[in-house]
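This is what each chain is made of:
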Amino acid sequence: MKITEFFEQSIGQWRSQRSGHHLAFAHFEEVLSTIDIEALTVDKPEVLEICKLYDVDPASITHPFRMTWEGESDWDDKPLSGSTVLVPIPDPENPSRGKLLRDKGYAETIPAVSKYHLSDDGIFTLLTEYDHAAAEERIWFANPNLRFRVAMIKTSDSKGVTTASFSSEIRSLSSPAN
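As the structure is a computational prediction, the values presented were derived from the model and not from experiment.

Asker: Could you give an account of the pairing of strand β7 (residues 124–129), with specific residues and numbers?
Answerer: Pairing of strand β6 (residues 112–118) with β7, which is carried by five bridges, proceeds in the antiparallel orientation. By the bridge assignment for β7, K115 is matched with L127. Adjacent in sequence and paired antiparallel, β6 and β7 are bridged by five residues, among which G122 carries a positive phi angle near 85 degrees. The sheet contact formed by β7 and strand β8 (residues 133–143) spans six bridges and is antiparallel. If you follow F124 over to β8, its bridge partner there is I139. From the end of β7 to the start of β8, which pair antiparallel, there are three residues.

Asker: Quick one: what's the story with the packing of aromatic side chains, residue by residue and with numbers?
Answerer: We describe a pair of aromatic rings using the distance from one ring centre to the other and the angle between the two ring planes. All chains considered together, the criterion is met by 10 aromatic pairs. Ring centres 6.0 Å apart and planes at 85 degrees place the aromatic pair F7 and Y116 in the edge-to-face group. In this pair, F7 sits in helix α1 (residues 3–10) while Y116 sits in strand β6, placing the two residues 109 residues apart along the sequence. The residues F7 and Y116 share a single accessibility class, namely buried. Chaining the aromatic ring pairs together yields one cluster made of F6, F7, W14, F65, Y116, F124 and F141. When the ring centre of W14 is taken as reference, the NZ or CZ atom of R147 above it lies at 5.0 Å.

Asker: Run through unusual backbone geometry, naming residues and quoting values.
Answerer: If you check the backbone angles, D55 has positive phi at about 55 degrees while not being a glycine. Summarising the element assignment, D55 is placed in the loop between α2 (45–53) and β3 (65–73). Positive phi values are uncommon outside glycine, yet H63 reaches one of about 50 degrees. As for its position among the elements, H63 is in the loop between α2 and β3. Given the relative accessible area of 27%, H63 is considered partly exposed.

Definitions and cut-offs
- Residues numbered from 1 in each chain as written.
- Predicted model: local features only at pLDDT ≥ 70, side-chain atom pairs only at ≥ 80, totals over all residues.
- Heavy atoms only, no water.
- Pairing = 2+ DSSP bridges.
- Helix = DSSP H or I, 4+ residues; strand = E, 2+ residues; numbered from the N terminus.
- Phe/Tyr/Trp six-rings, centres within 6.5 Å; stacked < 30°, edge-to-face > 60°.
- Buried < 20%, exposed > 50% of the residue type's maximum accessible area, 1.4 Å probe, protein only.
- Lys NZ or Arg CZ within 6 Å of the ring centre and 35° of its normal.

Okay, structure coming up:
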């Protein structure tokens, strides 16, 4: 699988079930959510704004997208929701590697730059360093409508793990990417 295929295959609506272990609290959490991944064009204002924020030439990006989610946790009564715009920049020398620019991060809700790579066996790995934490996520497809995601939130020095999670995500039947 090429990185462009990975991004294209991710477009659609996904029902996600995530099991998380919060090691610092010795707590297990279950989160059920709907994740919408929508392709964006390079000329969208929000994409151009991220390019400007990171001083990136829009001609160097590929497959920008917006991810929106709504969910509920068995740990917290507040509904979980949010949205972020993601802008991939492939490495011109090795297109299976690159950077992913975000207007909001995963572990901290601040703008973030991640490094990504897609392995030969189709596993997308995303590494992000934040101010107070680091995140490592791996995503892969079992088939076009089923994907898996594992994530670890680490201490800022990457020596300790604070949270570990596993998600299974099924594409909604009403999704246009079927």
